[in-house]
Amino acid sequence: MAKLVFGMNQSLDGYVDHTAFGPSPTLFRHFIAEAERQSGSVYGRRMYEIMRYWDDEHPEWDAERLVYAAAWRRQPKWVVSRSLKSVGPNATLVEDDLEGAMRKLKAERDGEIEVAGPDLARSLTELGLIDEYRIYLHPVVLGHGKPYFAGPRPPLRLVAHDRIEDVIRLSYVPV
């Protein structure tokens, strides 16, 4: 049975914003390893549109970005959206019955499936479907933006923590 894992970079004051801060080279290598071992990813529309960047190669990419792009392209993706009519390569559109689709996905797959995007994570949290929350806590303060928890924070228990340079990774499971 697969495990749904919601993990994102977060500021000290609780916000996620890929344009305000990003991973160091060491943390990016960590994300490459994560992408290579994940069984797939579930995206909301906005996050999927951001991640489509990795579908096309860019001449300025270094070797690590090429490796990440290859891992991302290999992964099956499920895109939750009522407004999209089609999705890109290796992706499946989930338009209806989010709960049924995610329960089926978890039952039919093994390993970890990444959940990407706070709004999607809120919906899956409300359905009790997220198995683990990973916060990559960066030493920055944004003061505004999209919060990691887009809805009420569920009761959580810390199960692991480690340091990746100046970022602390916190792993929580629902209580």
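Presented here is a report on the structure given in the accompanying data block.

**Some words on the environment of Ile 32**
By the element assignment, Ile 32 lies in helix H1 (residues 25-37). Linking Ile 32 and Tyr 68, residues 36 residues apart in sequence, is a C-alpha distance of 5.1 Å. Each residue touching Ile 32, except ones within four places of it in the same chain, is listed here: Glu 64, Val 67 and Tyr 68.

**Some details on the nonpolar core**
Most often, soluble globular proteins keep nonpolar side chains buried together rather than apart. Of all hydrophobic cores here, the largest spans 42 residues; its most connected members are Phe 6, Val 42, Trp 54, Tyr 68, Met 102, Val 115 and Leu 124. Counting residues per element, this core draws most heavily on helix H3 (residues 63-74), at 4 residues. When near neighbours in sequence (up to four residues on either side) are disregarded, Met 102 contacts Leu 4, Val 42, Val 94, Leu 124 and Leu 129. By size, the runner-up hydrophobic cluster in this structure holds 5 residues, among which are Leu 27, Phe 31, Tyr 136 and Ile 164.

**Structural notes on the packing of H1 against H3**
Between H1 and H3, whose axes approach to 9 Å, the crossing angle comes to 25°. One way to sum up the angle between H1 and H3 is to call them roughly parallel. Relative to H3, the crossing made by H1 is left-handed. Between H1, through Phe 28, Arg 29, Phe 31, Ile 32, Ala 35 and Glu 36, and H3, the contact on the second element is made entirely by Glu 64, Arg 65, Val 67, Tyr 68, Ala 71 and Arg 74. For the contact of H1 with H3, the residue count by class is 7 nonpolar, no polar and 5 charged.

Cut-off values and rules
- Residues numbered from 1 in each chain as written.
- Predicted model: local features only at pLDDT ≥ 70, side-chain atom pairs only at ≥ 80, totals over all residues.
- Heavy atoms only, no water.
- Helix = DSSP H or I, 4+ residues; strand = E, 2+ residues; numbered from the N terminus.
- Contact = heavy atoms within 4.5 Å.
- Core = buried A, V, L, I, M, F, W, Y, C linked by side-chain atoms within 4.5 Å.
- Buried < 20%, exposed > 50% of the residue type's maximum accessible area, 1.4 Å probe, protein only.
- Axes fitted to C-alpha atoms, helices over the stretch in contact; angles between N-to-C directions.
- Parallel < 35°, antiparallel > 145°, perpendicular 65-115°, else oblique.
- Left-handed = near helix turned anticlockwise from the far one by under 90°.
- Nonpolar A, V, L, I, M, F, W, Y, C, P; charged D, E, K, R; others polar.

All quantities given are derived from atomic positions and should not be read as evidence of function.
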